[in-house]
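# Residue-level structural notes
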Amino acid sequence: MFMKQTLTKHQYLILGSLLFGLFFGAGNLIFPIHLGQLSASNWGPATIGFLLTAILLPLLSILAISLTRSNSAYDLAAPVGKRFALFFLILIHLTLGILVASPRTATTTFSIGIQPFLPQRFDQIGLLIFSALFFGIAYLLAYNQSKIADYVGKLLNPILLALLAFIFFMAFVIKGDLRHISLLPTTSGAGSNLINGFLQGYNTMDALAGLGFGVTIIAALKLFGLTDSGQRSRAVAKVGTISMGLEAIIYIFLIALGASSLSYLHLSSEGGTAFTQIMTHYTGLAGTAILGAVTFLACITSCIGMMAALSQDWGERFPKLGYHFFLTISCLGAFIIANFGLAQIILYSTPLLSFIYPFAMALIFLGVLHPLIGKDPLIYKTTILFTLVPAILDAIHTLPPFFANLGAFKAIDAWASNTIPLFSAGLDFFPFVLVGFCGSLAWRKLVAHRLPATSLTKK
């Protein structure tokens, strides 16, 4: 049977819309709004910093999948060893699809769209009922793999984009609030806001999600007829560029919206409150309903993507159990975790995220350098071994108070804070990854220089 090896522009747009919908959750909606308020007249430098980490890093994760011609995070990590690759695959999807990100989509939607209208005594039962409905809808929409691109890329995400476009039109065209913000930064504070934007974008952790969603995009490309791995890798890069370009535009408008809101609002404690106040300012009670719809669409599409990616990846590794078994497990697990509440999820999930993120960053770095280093096991293993240090230290640094105050952990954290570069900013993996990579590369070149070419060939 003949299988086509090219995609139409329309198909690229559908896949770009699909990937955008998978990435763009409630955090991506709320972080930029609050960043805009915090940066005020320096929203321009803050935006640049935010885009570097919230757009560039996820794009690099997609490019790492593309350049290495990987079908999933397992393939990307395989040069380190099969056991580590399986460990990384399980851990990344466990984090995204069951323990942290998926439950948070339901609790965030409930907190913004439902909880404000409920008496406080009904919070727990309300969350139970809402999360059951939320994950039930996600399960039904993710059940048929071949329909995910249609449901997310053609239906849900276009509605989300239309609602966001309406919000921006109301704010910047009808109300003209763009005139309340300066397009040029002030002489003081530009640098600090650039750094703050960089850290805020880093905290979205979309680079981690990019590795998880790779399998969903690959599966969609196969359904569209791309069977050649080279063609798929180039298509993944194009789809990633479309998605991240669209997301960058949305981020710029959201940050500007937050900055302009200071003309009629005081600085809010967090982005969810700020967005609620902004929408109430523009359209009253209808604005609250629109915000609830935007939050629901952003969260349900991300939830579908994370559960589908987990089920596709784990189903491929454990074919006797299959896609639908893991989809059921992820929905039930996320439902149970969600009912512990948003505060508890954030409190206990942060150490896990802090542990896995340095490994993800190291693998993205190595994947992007694939044209230069290939899949050299020595370079991969040495870099990951060095990355283990910041992974452990970051996990200790973000432990819940009960564990963080234990003598041993407290001493380790104090030592790391005073000794390790960039530790307090959560970027300490940078020097370790560079040392591991450069050291292994130097050793590889030294061995290649000393040993005859025939010896290397035999190895």
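In this report, the structure presented in the accompanying data block is examined. All figures in this text were calculated on a predicted structure; none of them were measured in a lab.

## Observations regarding the nonpolar core
- One finds Phe24, Phe88 and Leu257 to be the most contacted residues of the largest nonpolar core, which totals 133 residues.
- At 15 residues, the largest contribution of residues to this core is made by helix H13 (residues 285-317).
- Ignoring anything within four residues of it in the chain, the contact list for Phe24 reads Leu29, Leu160, Leu164, Glu247, Ile250, Tyr251, Leu254, Ala298, Thr301 and Ser302.
- Counting residues in hydrophobic clusters, the runner-up holds 5 residues, among them Leu393, Ala416, Ile420 and Phe423.

## Side note on the packing of helix H17 (residues 377-397) against helix H19 (residues 407-419)
- Two numbers describe how H17 lies on H19: the axes approach to 9 Å, and their chain directions differ by 115°. Once H17 is placed against H19, the crossing between them reads as left-handed. Residues Leu393, Ile396 and His397 of H17 form the contact with H19, whose own contacting residues are Phe409, Ile412, Asp413, Trp415 and Ala416.
- Taken together, the residues of the contact of H17 with H19 sort by class into 6 nonpolar, 1 polar and 1 charged.

## Remarks on the packing of helix H7 (residues 123-143) against helix H14 (residues 322-338)
- Contact geometry for H7 and H14: axes closest at 9 Å, N-to-C directions at 160°. Judged on the interaxial angle alone, H14 and H7 are roughly antiparallel. Crossing of H7 against H14: the hand is right-handed. The segment H7 lies against H14, with Leu127, Leu128, Ser131, Ala132, Phe135, Tyr139, Ala142 and Tyr143 engaging Tyr323, His324, Leu327, Thr328, Cys331, Ala334, Phe335 and Ala338.
- Tallied by class, residues from the contact of H7 with H14 come to 13 nonpolar, 3 polar and no charged.

## A closer look at the pattern of salt bridges
- Under the defined criterion, the tally for this structure stands at 3 salt bridges.
- The residue Arg317 makes a salt bridge to Asp75 at a minimum N-O spacing of 3.8 Å. Of this pair, Arg317 sits in helix H13 while Asp75 sits in helix H4 (residues 73-77), placing them 242 residues apart in sequence.
- Overall, the relative accessible area of 28% leaves Arg317 in the partly exposed class.
- Put simply, Asp376 and Arg444 hold a salt bridge, and the shortest N to O gap is 3.0 Å. Residue Asp376 is located in the loop between helix H16 (370-373) and H17, and its partner Arg444 is located in helix H20 (residues 429-450); the two are separated by 68 residues in the primary sequence.
- Note on Asp376: relative accessible area 14%, which makes it buried.

Reading the values: the criteria
- Residues numbered from 1 in each chain as written.
- Predicted model: local features only at pLDDT ≥ 70, side-chain atom pairs only at ≥ 80, totals over all residues.
- Heavy atoms only, no water.
- Core = buried A, V, L, I, M, F, W, Y, C linked by side-chain atoms within 4.5 Å.
- Buried < 20%, exposed > 50% of the residue type's maximum accessible area, 1.4 Å probe, protein only.
- Helix = DSSP H or I, 4+ residues; strand = E, 2+ residues; numbered from the N terminus.
- Contact = heavy atoms within 4.5 Å.
- Axes fitted to C-alpha atoms, helices over the stretch in contact; angles between N-to-C directions.
- Left-handed = near helix turned anticlockwise from the far one by under 90°.
- Nonpolar A, V, L, I, M, F, W, Y, C, P; charged D, E, K, R; others polar.
- Parallel < 35°, antiparallel > 145°, perpendicular 65-115°, else oblique.
- Salt bridge = Lys/Arg side-chain N within 4 Å of Asp/Glu carboxyl O.

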